[in-house]
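# Structure at a glance
One-letter residues, chain by chain:
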Protein chains: 2
Amino acid sequence: MSDIDQVLEYLQTHRAEWDDLLCQYLRIPSVSADPGHAEDVRRAARWTADLFERMGFSVELVDGEGRPVVYAESPRVEGAPTVLVYGHYDVQPAEDPSLWETPPFEPSIREGAFFARGACDDKGQILPHILAVRAWREAAGRLPLNFKFVVEGEEEVGSHRLERFIDEAAERLACDCAVISDTGMPGPDQPAVTYGLRGIAYYEIRLTGPNRDLHSGSFGGGVTNPCNALAKMLAGLLDDHGRIQIPGFYDDVLPLSEEERARIRAVPFDEKAYFRMLGVETAVGEKGYSVLERRWARPTYDVCGVWGGYQGAGAKTVIPGRAGAKLSFRLVPHQDPAKVAKGLEIRLRQLCPPGIRLEIIDLHSSPAVLTPLDSPYLKAAERALAAVFPHPPVAIREGGSIPIVARFQQRLGVDVLLIGFAQEDDNAHAPNEKFSVQTYHRAMAVSARLWEELRRGSDGTRTT
Amino acid sequence: MSDIDQVLEYLQTHRAEWDDLLCQYLRIPSVSADPGHAEDVRRAARWTADLFERMGFSVELVDGEGRPVVYAESPRVEGAPTVLVYGHYDVQPAEDPSLWETPPFEPSIREGAFFARGACDDKGQILPHILAVRAWREAAGRLPLNFKFVVEGEEEVGSHRLERFIDEAAERLACDCAVISDTGMPGPDQPAVTYGLRGIAYYEIRLTGPNRDLHSGSFGGGVTNPCNALAKMLAGLLDDHGRIQIPGFYDDVLPLSEEERARIRAVPFDEKAYFRMLGVETAVGEKGYSVLERRWARPTYDVCGVWGGYQGAGAKTVIPGRAGAKLSFRLVPHQDPAKVAKGLEIRLRQLCPPGIRLEIIDLHSSPAVLTPLDSPYLKAAERALAAVFPHPPVAIREGGSIPIVARFQQRLGVDVLLIGFAQEDDNAHAPNEKFSVQTYHRAMAVSARLWEELRRGSDGTRTT
């Protein structure tokens with residue numbers, strides 16, 4: 001019996017123990033946003049650290065306002081590659097308990113799923129990676145790789161301590177690739193690797209016109225109206241073909257290859273069901289691209305908020321003194337947020353009419369992430385997924401941005417494997433969060449196989 | 001000594017009495033908006049009615065939820081024309097008393113002015129007309145005209161009862177011209193007749209996109225964003241030359257004649273001081289027109305309010321489900337609000353992108369008012385003003401709309417003379433409202449002369 005078979009059997013025979021461990025983890029209400037749960041957050045950090053200590057890892061709690069980053073390194077395995085695994089032990093608030101069928105921090109196993117806050121986001125996704133290492137240690141008596149685990153407690157509130165830790169400890173965190181399980185998959189039997197994330201550039205703009213609100217009758221025609229100006233400026237950032245009108249915006253955009261477009265066409269996606277879910281008949285967007293291409297691989301411009309003047313009931317005939325908006329640009333690989341910011345400022349100042357003062361506030365930004373489709377690590381992940389799930393994995397991208405992933409990629413210079421197991425209806429961030437029991441155990445098997453594949457992949461195709 | 005000289009002397013010798021009467025009037029806190037002042041409002045109506053009864057007028061209190069229209073008709077003067085005089089006895093709320101130097105309903109005469117709520121808006125402007133009639137009666141022993149006075153108590157809250165009264169009693173209200181003193185003049189020594197008011201068409205638009213707020217990363221590019229759509233629609237109503245882009249919008253617009261443009265150029269207006277007051281450097285508007293032309297005599301389009309998505313601090317990456325705006329169009333003579341509404345709907349539906357549901361709510365509208373510059377009544381008013389003030393009057397227009405004036409003009413089919421005496425700094429609708437004592441007495445003299453001029457004007461130039 002090979003090592004991997006022994007590991008998989010060990011995982012199989014200890015299922016009850018793994019279920020119990022996840023329930024223990026879920027019972028800790030580690031809500032990072034709520035100061036009332038500060039002690040629970042620290043308890044979850046210690047609980048996580050204990051797991052690693054029992055596996056002989058060296059562990060450090062890097063404190064961040066009492067929400068430590070748990071950093072754990074395995075004993076050295078000479079000649080083996082190093083993988084960095086990221087996850088988070090903090091959870092979203094559970095808010096209105098009346099919306100939960102069972103209490104959020106009393107895990108209930110029913111309908112084939114763990115129901116609890118944190119079940120899929122992210123305790124149920126990070127624990128399988130830890131337990132797969134444990135199974136290798138117990139069943140095979142050895143570790144196939146060098147492991148560096150980073151499990152943070154501030155993911156839901158901005159990852160501030162971890163960002164600093166990555167910057168400060170980039171050398172200690174050096175690795176061959178990074179693995180993150182905090183995203184989703186298309187269906188319970190349809191696994192996926194996410195090889196791309198969009199970046200973001202988010203701005204607030206503030207327009208100031210006259211120094212007071214004015215009567216739209218007496219003054220209309222005699223003063224530049226900030227609300228009219230705002231509409232003109234916001235509309236002027238997009239042309240009739242859905243192309244963003246910022247100088248240089250598309251210069252660095254990595255075009256979609258024919259191969260990738262074919263891959264995206266192959267992803268199961270029911271456009272009609274999607275629009276039905278959103279309650280709309282159709283959608284507009286950049287010409288020449290499908291809905292999935294536009295959501296995953298093309299830059300977009302969305303006004304996230306807009307305000308100015310009278311918003312109450314009935315009529316008020318006012319020319320307001322101020323107006324403003326929040327703008328989110330989603331960026332694709334090779335776009336530089338700093339360049340976007342410069343281009344945006346040039347364009348907005350072109351569009352801003354006389355009589356209006358414009359202020360642009362750069363709220364935050366992060367570049368896109370792309371793992372090459374021919375990355376040997378990505379191939380390794382695909383093999384691991386294919387061996388466990390009934391269908392082979394699809395390679396997908398995600399339209400959202402995970403700034404910490406970009407930071408791993410930028411600072412450590414490695415490929416990032418995003419292997420997500422959550423379903424759309426798993427209610428991350430919503431009441432009745434859940435995670436499939438079967439998927440939990442499949443994730444463990446995928447992880448156990450991935451460690452083996454990464455070692456092999458490294459032996460074979462990777463020369464550096 | 002002619003009749004008019006006797007009347008003017010009578011007015012002069014009774015100044016103290018007229019001051020006392022205005023102070024009595026101002027002491028009644030007839031705040032129409034405040035139910036707590038309901039009895040005061042009725043008291044002001046009775047006080048007004050008493051004035052007319054003592055002059056031998058027949059008086060009716062037309063009740064409007066306890067805020068009666070005071071309707072008073074003079075004894076019949078055979079062969080004389082009939083003038084309808086409009087004013088209002090209700091006042092704005094006085095709100096924060098700490099902002100008033102003297103209490104709003106304890107009139108104080110200082111710095112040459114009456115300080116009290118209602119001083120210029122409108123008790124101090126309607127009373128001179130009444131007292132001028134009284135002076136004719138007392139000093140000349142006869143009335144030069146037939147008078148119909150309409151003094152309402154709901155001007156500050158929408159004139160609902162008066163609108164119905166005009167519709168119901170149009171025949172009783174039949175007259176040769178209407179006189180209203182509820183507007184302003186350019187300077188203390190610079191009188192004016194206002195011969196034009198803009199109309200208004202006010203709408204709310206509501207845009208509905210997806211049935212929930214969506215993540216701008218995961219969904220950006222895959223759904224039509226109502227905020228983006230709103231910007232496009234609002235911006236699409238105006239071209240780069242400040243022309244309103246609604247089909248047929250300019251078809252009926254009465255163009256400015258060269259004579260009128262010359263008159264407007266002659267009106268004292270310091271553009272630099274105006275922009276300095278508003279705290280702006282300049283303003284944009286319809287190309288080819290001056291600031292005063294644009295404010296007085298050209299139609300305009302102002303967004304009075306705009307909303308959608310996230311308006312709080314920091315970043316929220318949301319594609320909102322809804323957005324909306326309030327739109328005010330100022331109309332000029334011969335534009336039909338119903339036609340504007342139809343054109344607006346056509347244009348907005350053209351601009352509305354797929355994936356957005358559009359609702360348009362017509363909140364209210366009123367056409368513009370224009371008294372012909374060659375109206376014999378307007379000439380009469382100019383002569384009366386010229387005889388009293390150190391400078392001859394200028395003819396001005398006003399960018400705002402006074403829907404009740406349009407109703408008088410439409411229902412009664414007569415020229416409306418707007419002879420206003422308030423100064424910009426008289427604080428109508430603000431704390432420390434005031435009205436110049438000198439202007440109060442000048443207004444009385446103008447009114448006494450106007451009655452004479454209207455009779456003569458009628459004898460001379462008017463044949464119908």
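Position numbers for residues start from 1 in each chain and track the written sequence from start to end. As a convention, the first chain written is A and the first ligand written is 1, with the rest following in written order. Only residues with pLDDT of 70 or above have their local features reported here, since the model is predicted, and side-chain atom pairs are shown and tallied only from 80 upward, although totals for entire chains, interfaces and linings are computed over all residues. Water and hydrogen atoms play no part in the side-chain values, which are based on all heavy atoms of the structure.

## Observations regarding the sheet that holds strand S4 (residues 108-110) of chain B
All names here are of chain B. Spatially, the three strands line up as an open sheet ordered S4-S5-S18, and their pairing is antiparallel. Of all the strands in the sheet, just S4 and strand S18 (434-436) have a single pairing partner and so form its edges. The mean inter-strand angle of the sheet, taken between neighbouring strand axes irrespective of direction, is 25 degrees. Across the sheet, helix H4 (residues 119-140) lies against strand S5 (113-115) and S18, angled at about 45 degrees from S18, the strand it touches most. The criterion for strand pairing is that DSSP finds at least two bridges linking the strands in question. A helix here means a DSSP run of H or I that spans at least four residues, while a strand means a run of E at least two residues long, and both kinds are numbered starting from the N terminus. Lines fitted to C-alpha atoms define the axes here, with helix axes fitted over just the stretch in contact, and angles between the N-to-C directions of these axes take values from 0 to 180 degrees. Two residues form a contact once any of their heavy atoms are found within 4.5 Å.

## Regarding the packing of helix H6 (residues 226-235) of chain A against helix H6 (residues 226-235) of chain B
Packed helix pairs are characterised by how far apart their axes lie and by the angle those axes make with each other. Look at H6(A) against H6(B): their axes get within 8 Å of each other, and the N-to-C directions meet at 115 degrees. Seen along the crossing, H6(A) lies across H6(B) with a hand that is left-handed. When H6(A) is examined against H6(B), the residues A:Ala231, A:Lys232, A:Leu234 and A:Ala235 are found in contact with a partner set consisting of B:Ala231, B:Lys232, B:Leu234 and B:Ala235. Classes in brief: Ala, Val, Leu, Ile, Met, Phe, Trp, Tyr, Cys and Pro nonpolar; Asp, Glu, Lys and Arg charged; the others, Gly included, polar. Broken down by class, the residue content of the contact of H6(A) with H6(B) amounts to six nonpolar, no polar and two charged. The hand of a helix crossing depends on one turn: near helix anticlockwise from the far one by less than a right angle means left-handed, and clockwise means right-handed.

## Thoughts on the confidence of the model for chain A
Residues and elements named next belong to chain A. pLDDT expresses how confident the predictor is about each individual residue, on a scale running from 0 to 100. Chain-level pLDDT for chain A is 94 on average; 98% of the residues reach the 70-or-more range. Across residues 460-464, confidence stays below pLDDT 50; counting only partners more than four residues off in sequence or on other chains, it has five contacts. Taken together, the chains of this predicted complex give a pTM of 0.86 and an interface ipTM of 0.87.

## Considering helix H10 (residues 337-351) of chain B
For an α-helix, 3.6 residues make a turn, and residues three or four places apart therefore share a direction. All names here are of chain B. End to end, H10 covers 21 Å across 15 residues, agreeing with the expected 21 Å (1.5 Å per residue, within 8%). Burial classification: accessible surface area is computed with a 1.4 Å probe over protein chains only, and a residue below 20% of its type maximum counts as buried, one above 50% as exposed, and the rest as partly exposed. Every buried residue belonging to H10 is among Pro-337, Val-340, Gly-343, Leu-344, Arg-347, Leu-348 and Leu-351, and all of these are buried. Buried residues of H10, viewed axially, fall in a sector of 130 degrees; they line one side. Away from its buried face, by an angle of more than 90 degrees, H10 presents the exposed residues Lys-342 and Gln-350. For the purposes of these results, a polar contact is taken to be a pair of N or O atoms within 3.5 Å, where, inside protein, one atom must be able to donate a hydrogen and its partner to accept one; residues adjacent in sequence count only when each atom of the pair is a side-chain atom. Where H10 begins, one side-chain oxygen reaches toward the backbone nitrogen of Ala-338, 3.0 Å away; that side chain belongs to Asp-336. By this rule the span expected of a helix is its residue count minus one, scaled by 1.5 Å. Our arc is simply the arc of the directions from the helix axis toward the C-beta atoms.

## Focus on the relation of the copies chain A and chain B
The copies are overlaid by a least-squares fit using only the C-alpha atoms of residues whose pLDDT is at least 70 in both copies. Superposition record for chain A on chain B: RMSD 0.1 Å, screw rotation 180 degrees, translation along axis 0.1 Å. Such values leave the two copies arranged in the relation of a two-fold axis. Same-surface contact between copies: 100% of interface residues of chain A are shared with the interface of chain B.

## Re the packing of helix H2 (residues 15-27) of chain A against helix H3 (residues 38-54) of chain A
All names here are of chain A. Between H2 and H3, the shortest axis-to-axis distance is 9 Å and the interhelical angle comes to 155 degrees. The angle between H2 and H3 places the two elements in the roughly antiparallel class. Read as a crossing pair, H2 and H3 show a hand that is left-handed. Of the residues in H3, those touching H2 at Leu-21, Gln-24 and Tyr-25 are Ala-44, Trp-47, Thr-48 and Leu-51. Per-class residue counts for the contact of H2 with H3 are five nonpolar, two polar and no charged. Angles are sorted into four bins: roughly parallel if under 35 degrees, roughly antiparallel if over 145, roughly perpendicular if 65 to 115, and oblique for all others.

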